[in-house]
Amino acid sequence: MQANGNQGGAAAAAQNGDAIGQAGPGEEATGSYGITPSAAHSNGLPSSSAAAVVHLVSGPGGVSPDQATYKKKKRLSQVDEDVIRLIGQHLHSLGLNQTVDLLMQESGCCLEHSSATKFRNHVMEGEWEKAENDLNELKSLVHSPHVIVKMKFLLLQQKYLEYLEDGKVLEALQVLRCELTPLKYNTERIHILSGYLMCSHTDDLRAKAEWEGKGTVSRSKLLDKLQMYLPPSVMLPPRRLQTLLRQAVELQRDRCLYHNTKLDGNLDSMSLLIDHVCSRKQFPCYTQQILTEHCNEVWFCKFSNDGSKLATGSKDTTVIIWQVDPTGELRTKMSQSHEDSLTSVAWNSDGKRFVTGGQRGQFYQCDLEGNLLDSWEGVRVQCLWYLNDGKTVLASDTHQRIRGYNFEDLTDRNIVQEDHPIMSFTVSKNGRFALLNVATQGVHLWDLQDRVLVRKYQGVTQGFYTIHSCFGGNNEDFIASGSEDHKVYIWHKRSELPIAELTGHTRTVNCVSWNPQVPSMMASASDDGTVRIWGPAPILGNQESEEACSSMDS
């Protein structure tokens, strides 16, 4: 094996039993690892760099190669090589190119194939003919010749658009007719590209093509697309280290039982030095406010879709609409008749209408002022849910079923039939999952699409009282339910054991509602006649608020 072009040094080393390329088990001579005749300059180093390596390891004081003892190093594992390449790519993106050269030189690794380096430079410089020639060199390194056609199409598309932006219509037309069309690839796209010839100015071209224009931004995006077709051994995927770090952070977040905030994809907003952990004190398990307007058992509560209002229904025959702000303002109070016993409320997606009903056969649709818009007689309602179409209401009734009611054409139909009484149900935002409180069974999570029982949640006391559970928190990752043991239970959706038990109510908790716009706010309604608003621990916490939440890690 040729070592760095310094035959004299290699021969001398061989006399000492240390010829380059003949290192001992598990070791390798510096300067030869990972270097092949075709890749000796693949790190972009000048030809003198190889000689510099021999000089650096030949010993102090200008000791001649005849007397040099080459340093030994352990052979790098594949994982070590990958990590070094990832670090090198990241440093290169920061402009620390000399550091990258030294890292690759000392490690003996190659950041990317020499042909890939040329290709990258030619793309970023807009030298399209040279970039096309580079594709011929890369052809033997890709898995399929068809990939080269796709890459060439992307190159020529960029070339065509840049000609158009520069006002070189004839040159652009030449690319379209004589280079893009003969590829016989993506004819539909070629038709779209030909339409850009009619653009009268640059802004029009950029808007119609959804293109950033000639320059670094569009060429970088082009390179990202091109890299997708090259094996990672030839050219690393763009920003690969950041991608791996983001995945690690997201996995930690997914495993965090109390994570309840949105996490953007920007790594600058988080620390990589410690694991992601959310404190229980940031979770809505502390009493923020107690609403006492009702004069009897409170059977239902529900936040509006925009999170700005809270509706509560009571045995006292009233429905109260609260404005969600620090004062807990009472907005509307309504009652249809003294005979009513309103137990359920559901909001229309427009936030301007709601339906309410109970087990005496009444079923109303009302506006925010309490005006009766429609009614459905003879329906003993256990629970209500407005579908996203804004016109269909799902209702569980005393016949162990869920039916759909259309208020526009006044039709109804069966949706679900169960063997056990469905005391209440709720549907996830995407319509995929339903959460059921089933008599004597507890809280069940059902997949409506596959029609399978996904999970049974433990801890809650559920008999034949009507208790309402809910999805909630960021991305609806959590489930909460009232209970006959006076508590509110909270689970992470994927865990059957509760992560928190909230105490404070003195009688059965009939309903829980999570604010859809404020993940840290939740409401609960109880037979004790109160509605409790739950939130994070106060900044200046006290013993009472601490005692309001007992949690168990699952």
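Positions within a chain are numbered from 1, following the residues in the order the chain's sequence is written. Only residues with pLDDT of 70 or above have their local features reported here, since the model is predicted, and side-chain atom pairs are shown and tallied only from 80 upward, although totals for entire chains, interfaces and linings are computed over all residues. The basis for every side-chain value is the complete set of non-hydrogen atoms in the structure, without hydrogens or water.

Participant: Looking at this model, I keep getting lost on the overall build of the chain. Mind explaining?
Facilitator: In terms of regular secondary structure, the chain is built from 13 helices and 27 strands. Residues classed as buried in the chain amount to 46% of the 554 residues present. We call two residues in contact whenever any of their non-hydrogen atoms come within 4.5 Å of each other. Looking at the chain alone, contacts between residues at least 24 apart form 50% of all its contacts between residues at least 6 apart. To be clear on the numbers: accessible area is Shrake-Rupley with a 1.4 Å probe, and residue cover counts the displayed protein chains and nothing else. Split by element, the accessible area of the chain, about 28000 Å² in all, is 50% carbon and sulfur. Put simply, DSSP marks the helices as runs of H or I at least four residues long and the strands as runs of E at least two long, and each gets a number from the N terminus on. Categorising residues by exposure relies on relative accessible area from a 1.4 Å probe, with only protein chains included: less than 20% of the type maximum marks a residue as buried, more than 50% marks it as exposed, and the intermediate range marks it as partly exposed.

Participant: Before we go on, may I ask you to explain helix 9 (residues 187-195) in this structure?
Facilitator: A turn of α-helix holds 3.6 residues, and therefore any two residues three or four places apart point the same way. Arg-189, Ile-190 and Leu-193 are the residues of helix 9 that are buried. One side of helix 9 holds all its buried residues, which, seen down the axis, span an arc of 100°. Exposed residues lying more than 90 degrees from the buried face of helix 9 are Glu-188 and His-191. Buried residues belonging to helix 9 abut helix 7 (145-165) and helix 8 (169-180). The arc in question is formed by the directions pointing from the helix axis toward the C-beta atoms.

Participant: Would you explain the nonpolar core in this entry?
Facilitator: General note: in soluble globular proteins, nonpolar side chains tend to be found buried as a group. Buried residues of nine kinds, namely Ala, Val, Leu, Ile, Met, Phe, Trp, Tyr and Cys, make up a nonpolar core once their side-chain atoms join them within 4.5 Å. Ranked by internal contacts, the top residues of the largest apolar core, which has 24 residues, are Leu-310, Ala-523, Val-531 and Ile-533. Elements supplying a minimum of two residues to this core: strand 4 (298-303), strand 5 (309-314), strand 6 (319-323), strand 8 (342-347), strand 10 (363-367), strand 25 (522-526) and strand 26 (531-535).

Participant: Which parts of the structure should I look at to understand the state of the cysteines?
Facilitator: By definition, a disulfide is the covalent link that joins the sulfur atoms of two cysteine residues. The disulfide definition used here is simple: a pair of cysteine sulfur atoms within 2.5 Å. Summed over the entire model, instances satisfying the criterion amount to 0 disulfides. Considering cysteine sulfurs only, Cys-110 is the nearest to Cys-109, which forms no disulfide, with 7.4 Å between them. Residue Cys-109 is classed as buried on the basis of its relative accessible area, which comes to 4%. A disulfide-free cysteine, Cys-256 has its sulfur positioned 3.8 Å from the sulfur of Cys-278, the nearest such atom. On the basis of relative accessible area, Cys-256 is assigned to the buried category, the value being 10%.

Participant: Would you mind showing me how to read the sheet that holds strand 24 (residues 509-514) here?
Facilitator: Strands in a sheet are paired, the pairing made by backbone hydrogen bonds, and the direction either parallel or antiparallel. Spatially, the 4 strands line up as an open sheet ordered 3-26-25-24, and their pairing is antiparallel. On the outer flanks of this sheet lie strand 3 (286-291) and strand 24, each paired with one strand and no other. Here the average twist between neighbouring strands, direction ignored, is 25°. DSSP bridges decide pairing: two strands pair if at least two such bridges lie between them. For strand 25 and strand 26, the ladder comprises 4 bridges, and the chain directions are antiparallel. The axes used here are C-alpha line fits, helices contributing only the stretch in contact, and every angle between their N-to-C directions lies in the interval 0 to 180 degrees.

Participant: Sorry if this is basic, but what is going on with helix 7 here?
Facilitator: If you check helix 7, its first and last C-alpha atoms are 31 Å apart, about what 21 residues at 1.5 Å a residue would give, namely 30 Å. The buried fraction of helix 7 amounts to 15 of the 21 residues, a majority that puts the element mostly inside the structure. Of the residues trailing helix 7, Gly-167 is marked for its positive phi of about 80°. Here the expected length of a helix is defined as 1.5 Å per residue gap, with one fewer gap than residues.

Participant: Is there a simple way to explain the sheet that holds strand 12 (residues 381-386) in this structure?
Facilitator: Across the sheet, 4 strands lie side by side as 12-13-14-15; this open sheet has antiparallel pairing. Single-partner strands in this sheet number two, and they are strand 12 and strand 15 (411-417). Looking at each pair of strands side by side, their axes are set apart by 25° on average, direction ignored. Sheet topology places strand 13 (residues 392-397) next to strand 14 (residues 401-406); 5 bridges connect them, and they run antiparallel. Bridged to Ala-395 within strand 14 is Arg-403.

Participant: Could you clarify how one ought to interpret the pattern of salt bridges in this entry?
Facilitator: Any two side chains of opposite charge can pair if their charged atoms end up close together. Within this document, salt bridges are pairs made up of a side-chain nitrogen of Lys or Arg and a carboxyl oxygen of Asp or Glu, the two lying within 4 Å of each other. Under the counting rule described, the total for this entry stands at 21 salt bridges. The shortest N-O distance in the salt bridge between Lys-159 and Glu-179 comes to 3.3 Å. Linking Lys-159 in helix 7 with Glu-179 in helix 8, this pair joins segments that are 20 residues apart in sequence. Relative accessible area serves as the criterion here: at 23%, Glu-179 is assigned to the partly exposed category. Residue Lys-214 is joined to Asp-166 by a salt bridge in which the shortest nitrogen-to-oxygen separation is 2.9 Å. Remark: Asp-166 occurs in the loop between helix 7 and helix 8 and Lys-214 occurs in the loop between helix 10 (202-209) and helix 11 (216-227); sequence separation between them is 48 residues. You can call Lys-214 partly exposed: its relative accessible area is 39%. The exposure class of Asp-166 is partly exposed, given its relative accessible area of 37%. Put simply, Glu-129, Glu-132, Lys-159 and Glu-179 are held in one network by salt bridges that share partners.

Participant: Explanation requested: the packing of helix 7 against helix 8 in the structure shown.
Facilitator: Relative placement of two packed helices is described by the angle separating their axes and the distance separating the axes. Following both chains from N to C, one finds helix 7 and helix 8 inclined at 160°, their axes separated by 8 Å at the closest point. By the criterion of interaxial angle, the relationship of helix 7 to helix 8 is roughly antiparallel. Here helix 7 runs over helix 8; the crossing is left-handed. Between helix 7, through Phe-153, Leu-156, Gln-157, Lys-159, Tyr-160, Tyr-163 and Leu-164, and helix 8, the contact on the second element is made entirely by Glu-171, Ala-172, Val-175, Leu-176, Glu-179 and Leu-180. Each residue is assigned to one of three groups, with Ala, Val, Leu, Ile, Met, Phe, Trp, Tyr, Cys and Pro labelled nonpolar, Asp, Glu, Lys and Arg labelled charged, and all others, Gly among them, labelled polar. Here the residues of the contact of helix 7 with helix 8 sort into 9 nonpolar, 1 polar and 3 charged. Put simply, angles under 35 degrees are roughly parallel, angles over 145 are roughly antiparallel, angles from 65 to 115 are roughly perpendicular, and the rest are oblique. For a crossing to be left-handed, the near helix must be turned anticlockwise from the far one by less than a right angle; the clockwise case is right-handed.

Participant: In this structure, what is going on with the pairing of strand 26? I would like to understand it.
Facilitator: Within a regular strand, the side chains alternate between the two sheet faces. Most of strand 26 is tucked away, with 5 of its 5 residues classed as buried. With burial as the criterion, each face of strand 26 is covered, one bearing Val-531, Ile-533 and Gly-535 and the other bearing Arg-532 and Trp-534. Counted along the chain from strand 25 to the antiparallel partner strand 26, the turn is 4 residues long, and its residue Gly-529 has a positive phi close to 85°.

Participant: For this particular structure, what's the right way to read the pairing of strand 16 (residues 422-427)?
Facilitator: The element strand 16 is extensively covered by neighbouring structure, given that 6 of its 6 residues are classed as buried. Pairing analysis gives 5 bridges linking strand 16 to strand 17 (residues 433-438), with the strands arranged antiparallel. Looking across to strand 17, one finds that Ile-422 is bridged to Val-438. Here strand 16 hands over to strand 17 after 5 residues, with Gly-431 in that stretch at a positive phi of 75°.

Participant: Help me out: how do you make sense of the packing of aromatic side chains in this one?
Facilitator: Aromatic ring pairs are reported here in terms of the distance separating the ring centres and the angle at which the planes meet. Any pair of Phe, Tyr and Trp rings, taking the six-membered ring for Trp, is counted once the centres come within 6.5 Å. Such a pair is stacked with planes under 30 degrees apart, edge-to-face with planes over 60 apart, and tilted for the rest. Across all of its chains, the model carries 7 aromatic pairs by this definition. Summarising the aromatic geometry, the rings of Tyr-258 and Phe-283 are spaced 5.5 Å apart at their centres and angled 80° between planes, so their arrangement reads as edge-to-face. Here Tyr-258, found in the loop between helix 12 (240-255) and strand 3, pairs with Phe-283, found in the loop between helix 12 and strand 3; they are 25 residues apart in sequence, far enough to count as distant. Residue class for Phe-283 comes out buried when judged on its relative accessible area of 1%.

Participant: What exactly am I supposed to notice about unusual backbone geometry here?
Facilitator: For residues that are not glycine, phi is negative in most cases, and the peptide bond is trans in most cases. A positive phi angle, close to 75°, is found at Thr-317, a residue other than glycine. At Asn-475, a position not held by glycine, the phi torsion is positive, near 60°. For Asn-475, the location among the structural elements is in the loop between strand 20 (469-472) and strand 21 (478-481).

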